Amino acid sequence: KNEVEQSPQNLTAQEGEFITINCSYSVGISALHWLQQHPGGGIVSLFMLSSGKKKHGRLIATINIQEKHSSLHITASHPRDSAVYICAVFTGNQFYFGTGTSLTVIP
Amino acid sequence: DTAVSQTPKYLVTQMGNDKSIKCEQNLGHDTMYWYKQDSKKFLKIMFSYNNKELIINETVPNRFSPKSPDKAHLNLHINSLELGDSAVYFCASSLGTSGVNEQFFGPGTRLTVL
């Protein structure tokens, strides 16, 4: 069993929909990262969280340390949001990665 | 003014060869990383260096050796290449201590071993 589980694995949404991607982990962490990998392969860091909630534009990330769970929300989704979203956790000396959520937003 | 750059972008080579991938960051970051993304798109960390000192060294074959000549560079040397080494390799960097700051990724190097 992977230390980091993401759901769903694949997600198709209509433009404008509110999207939620979930990440659950089984280890104690110092930080949780949300990454975005574009169809062309480039990787961008979206958020680094150790507690609470962060917002950047239409993206919101939350983390519940007690429940070992994080969510990434996209409001008013757009076709350019189509990408793979990867959750990663850092324990203090190790990284664990989820297998990613592939999001397709249809115009 | 590229933040994290990698060369080459593509690398095609024969089994048994030795090759290097270079990474440079101009962000003034203290920590640099190497990641491997396999054909199933699963991302895995290989190494992390902080101020030229090895911090994270995941279980990778010792054919892989990172070298950090200075804080802005972390090169990856691979000896005796094998078919299973075919993957995309990403370099990244971050401020401060490994793992707890936002990371900036290079564009990736696609390695194909024939």
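This text goes with the structure placed above it.
Residues numbered from 1 in each chain as written. Chains lettered and ligands numbered in written order. Predicted model: local features only at pLDDT ≥ 70, side-chain atom pairs only at ≥ 80, totals over all residues. Heavy atoms only, no water.

A.B. asks: Honestly, the environment of Ser 30 of chain A in this entry has me stumped. Any pointers?
C.D. replies: Within the secondary structure, Ser 30 of chain A sits in the loop between β3 (19–25) and β4 (31–37). Once the C-alpha coordinates of Ser 30 of chain A and Pro 107 of chain A are considered, the two residues, 77 residues apart in sequence, prove to be 38 Å apart. The residues touching Ser 30 of chain A, leaving out its near neighbours within four places in the chain, are Ser 50, Phe 90, Thr 91 and Gly 92 of chain A together with Val 100 of chain B. (Helix = DSSP H or I, 4+ residues; strand = E, 2+ residues; numbered from the N terminus. Contact = heavy atoms within 4.5 Å.)

A.B. asks: Even after reading the chapter, I still don't get the interface of chain A and chain B, so can you show me in this structure?
C.D. replies: Much of the literature gives interface size as the accessible area that the parts lose upon coming together. With 18 residues of chain A at the interface, the matching set in chain B holds 17 residues. Between chain A and chain B, roughly 1400 Å² of surface is buried when both sides are summed, and carbon and sulfur atoms account for 65% of that area. Among the residues chain A hides against chain B, the three largest losses belong to Ile 43, Phe 95 and Phe 97 of chain A. Together they make up 40% of the total. Across the chain A-chain B interface, the total number found is zero salt bridges. For the side of chain A that touches chain B, the secondary structure elements donating two or more residues are β4, β5 (43–49), β9 (83–90) and β10 (95–97) of chain A. (Buried area = accessible area lost by both parts, 1.4 Å probe. Salt bridge = Lys/Arg side-chain N within 4 Å of Asp/Glu carboxyl O.)

A.B. asks: How do you make sense of empty space enclosed by the protein when you look at a structure like this?
C.D. replies: To find the voids left in a structure, one rolls a probe of water-molecule size over its atoms. Under the criterion given, the structure shown has one cavity of 30 Å³ or more. By volume, the largest cavity is sized at about 40 Å³. Lining the largest cavity we find His 33, Leu 35, Ala 88, Phe 95 and Phe 97 of chain A together with Tyr 35, Gln 103 and Phe 105 of chain B. Residue assignment for the lining of the largest cavity shows that the elements contributing at least two residues are β4 and β10 of chain A together with β10 (103–105) of chain B. Tallied by class, the residues present in the lining of the largest cavity amount to six nonpolar, two polar and no charged. (1 Å grid on protein atoms, 1.4 Å probe; cavity = no way out; pocket = protein on both sides within 12 Å on 5 of 7 lines; lining within 4 Å. Points joined across faces, edges and corners; volume = space filled by probe spheres on them. Nonpolar A, V, L, I, M, F, W, Y, C, P; charged D, E, K, R; others polar.)

A.B. asks: Explanation requested: the pattern of salt bridges in the structure shown.
C.D. replies: Pairing of side chains with opposite charge becomes possible as their charged atoms draw close. The final tally for this structure, using the stated rule, is four salt bridges over all chains. Its salt-bridge partner being Asp 81 of chain A, residue Arg 58 of chain A comes within 2.9 Å of it at the nearest N-O pair. Linking Arg 58 of chain A in the loop between β6 (53–56) and β7 (59–64) with Asp 81 of chain A in the loop between β8 (69–74) and β9, this pair joins segments that are 23 residues apart in sequence. If you follow the salt bridges from partner to partner, you end up with Arg 63, Glu 82 and Asp 85 of chain B in one network.

A.B. asks: Help me understand the nonpolar core, please; the structure alone is not making it clear to me.
C.D. replies: What tends to happen in soluble globular proteins is that the nonpolar side chains get buried as a cluster. All names here are of chain A. Residues Leu 32, Trp 34, Leu 72, Tyr 85 and Val 89 are the most contacted members of the largest nonpolar core, which totals 25 residues. Secondary structure elements with two or more residues in this core: β3, β4, β5, β7, β8, β9 and β11 (101–106). Among residues more than four places away in sequence, those in contact with Val 89 are Val 4, Tyr 25, Val 27, Ile 29, Ala 31, Leu 32, Gln 94, Phe 95 and Tyr 96. (Core = buried A, V, L, I, M, F, W, Y, C linked by side-chain atoms within 4.5 Å. Buried < 20%, exposed > 50% of the residue type's maximum accessible area, 1.4 Å probe, protein only.)

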